[in-house]
Amino acid sequence: MQSRALTALQPTNILHIGNLFGALQPMVGAQKEHETFLFVVDYHAITVPQDPEKLRQAILFATACYLAAGMDPNKTTIFQQSMVSEHTELAWILNCVAHMGELERMTQFKDKSKKQKDGVTVGLFTYPVLMASDILLYDTNVVPVGEDQKQHVELTRDVAERFNKRFGETFVIPKPVIREHGARIMALDDPTSKMSKSAESAKSYISLMDEPDVIRKKIKGAVTDTEGGIVYDEKRPGVANLMEIMSLVTKRSFAEIENNYVGQGYGDFKSDLAEALVLSLTPLQAEINGWLKNEDELVKLLANGADRAREIASKKLAQVKEKIGVSL
């Protein structure tokens, strides 16, 4: 059987270049080597309050972004998480295998729970178990993820191994795959923090849908330092982050970029980076907008993908239920 690769993104009307470089582009590449699954995790999204109509639009927008980025529905099973009920059913079973201490150590839970002024939901706490279910249902071999999601895949591995030990070999143990460059794009206004669509200031990220002048303004205002010189050095996080973005957009190495800007300042470099981003994102935006004009086609595509996903997921869930003794 061909090895399987799986990843997912939460539905939002703000996907940024970190999502593009860290998740979508690796999955486009994975289509050449693996049987691939890419889905919209709408049940993960509701771990924090959502406006229902905005959520519906965000699901369609995320799907349009997947397709515009190069995901081929003939090669990749693209679907909406909530259309495949096996995800939540397996999550309950795995909740009875996962340990409280494991979930309490999840970095993202610690970070997000601090922002929940009206109280932390149980869903936010058990979010990693649903993610484990997402992965394990499809006998996934590799999970292309950003660096911040590696901990969740490691939890998935632990839960799967524990289940296998207790009930017999059932789950494939997945491996996280983190690209060498692009797995962790940092915020433009704080290069010590990861670029995030939930950031308080829109100045911190480049949205996939930002207008050219907005991109130019954000890059111009991006944090650098007072040392000067376009050199990749992790001890200079602001410049290193911008060079990482430049490398990803132009497909040039850090050494090539350094050589191109010998004796030049941040102004020239930032201007060129902004134009490279505009050149890269403009056709992507046109493709996204094209898909969004045909909502019926997006809904049909998600439904067809869910049918394919359900066929696989239902077989795995039946096997799990047999193993734990609830199938009569």
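Residues numbered from 1 in each chain as written. Predicted model: local features only at pLDDT ≥ 70, side-chain atom pairs only at ≥ 80, totals over all residues. Heavy atoms only, no water.

Points about the overall build of the protein chain
Inference 1: Of the regular secondary structure elements, the protein chain holds 13 helices and five strands.
Inference 2: A compact globule built from 328 residues would reach a C-alpha radius of gyration of about 20 Å, and the protein chain, at 21 Å, matches this within 12%.
Inference 3: Overall, the C-alpha framework of the protein chain stretches about 75 × 45 × 45 Å when taken along its three principal axes.
Inference 4: Buried positions account for 49% of the 328 residues belonging to the protein chain.
Inference 5: Expressed as a percentage of contacts within the protein chain between residues at least 6 apart in sequence, the contacts between residues at least 24 apart total 75%.
Inference 6: Computing the positive centroid from 39 side-chain charges and the negative centroid from 44, the protein chain places the two 2 Å apart. (Helix = DSSP H or I, 4+ residues; strand = E, 2+ residues; numbered from the N terminus. Rg over C-alpha atoms; globule rule 2.2 N^0.38 Å. Buried < 20%, exposed > 50% of the residue type's maximum accessible area, 1.4 Å probe, protein only. Contact = heavy atoms within 4.5 Å. Lys, Arg positive; Asp, Glu negative; His and termini not counted. Charge placed at Lys NZ, Arg CZ, Asp CG, Glu CD.)

Topic: helix H8 (residues 150-167)
Inference 1: The terminal C-alpha atoms of H8 lie 26 Å apart, and with 18 residues this matches the ideal 26 Å at 1.5 Å per residue to within 8%.
Inference 2: Residues of H8 that are buried: His152, Val153, Leu155, Thr156, Val159, Ala160, Arg162, Phe163 and Asn164.
Inference 3: One or two residues past the end of H8 sits glycine 168, with phi positive at roughly 100 degrees. (Expected span 1.5 Å × (residues − 1).)

Some remarks on the environment of aspartate 51
Inference 1: The topology assignment puts aspartate 51 in the loop between helix H2 (42-45) and helix H3 (52-69).
Inference 2: For aspartate 51, a relative accessible area of 40% corresponds to the partly exposed category.
Inference 3: Put simply, aspartate 51 and glutamate 154 are 103 residues apart on the chain and 32 Å apart in space, counted from C-alpha to C-alpha.
Inference 4: A distance of 3.2 Å separates the side chain of aspartate 51 from the backbone nitrogen of glutamate 53, its partner in a polar contact. (Polar contact = N/O pair within 3.5 Å; in protein donor to acceptor, adjacent residues only side chain to side chain.)

Regarding the packing of aromatic side chains
Inference 1: If you walk through the whole model with that rule in mind, you get seven aromatic pairs.
Inference 2: Taking the centre distance of 4.0 Å and the plane angle of 5 degrees together, the rings of tyrosine 232 and phenylalanine 254 count as stacked. Taken together, the residues span a long stretch of sequence, with tyrosine 232 in the loop between helix H9 (212-220) and helix H10 (237-250) and phenylalanine 254 in helix H11 (residues 254-260) at a distance of 22 residues.
Inference 3: Accessibility expressed as a relative area gives 24% for tyrosine 232, which makes it partly exposed. (Phe/Tyr/Trp six-rings, centres within 6.5 Å; stacked < 30°, edge-to-face > 60°.)

With respect to the confidence of the model for the protein chain
Any segment with low pLDDT has predicted coordinates that should not be analysed in fine detail.
Inference 1: Per-chain confidence: the protein chain averages 91 in pLDDT, with 96% of residues scoring 70 or above.
Inference 2: Put simply, helix H6 (residues 107-113) is where the protein chain has its lowest mean pLDDT, 69, and helix H4 (residues 86-95) is where it has its highest, 98. (pLDDT = per-residue confidence, 0-100.)

Thoughts on the pattern of salt bridges
Inference 1: Taken as a whole, this structure holds 11 salt bridges when the rule is applied.
Inference 2: Between lysine 316 and aspartate 139 there is a salt bridge, and its shortest N-O distance comes to 3.0 Å. Of this pair, lysine 316 sits in helix H13 (residues 295-324) while aspartate 139 sits in the loop between helix H7 (122-136) and strand E4 (142-144), and the two are 177 residues apart along the sequence. Here lysine 316 matches aspartate 139 in class, with each residue buried.
Inference 3: Note that aspartate 307 and arginine 310 form a salt bridge whose closest N and O atoms lie 3.0 Å from each other. Residue aspartate 307 and its partner arginine 310 are located together in helix H13, separated by three residues, close to a single helical turn.
Inference 4: Among the residues examined, aspartate 307 registers a relative accessible area of 43% and is labelled partly exposed. (Salt bridge = Lys/Arg side-chain N within 4 Å of Asp/Glu carboxyl O.)

Describing the environment of threonine 107
Inference 1: Structurally, the position occupied by threonine 107 is in helix H6.
Inference 2: Judged by relative accessible area, which is 42%, threonine 107 ranks as partly exposed.
Inference 3: Each C-alpha atom of the pair threonine 107 and arginine 56 lies 28 Å from the other, and the pair is 51 residues apart in sequence.

As for the side chain of asparagine 164
Inference 1: As for its position among the elements, asparagine 164 is in helix H8.
Inference 2: The exposure class assigned to asparagine 164 is buried, which follows from its relative accessible area of 6%.
Inference 3: Excluding its chain neighbours within four sequence positions, the residues that come into contact with asparagine 164 are Glu169, Thr170, Phe171 and Ile173.

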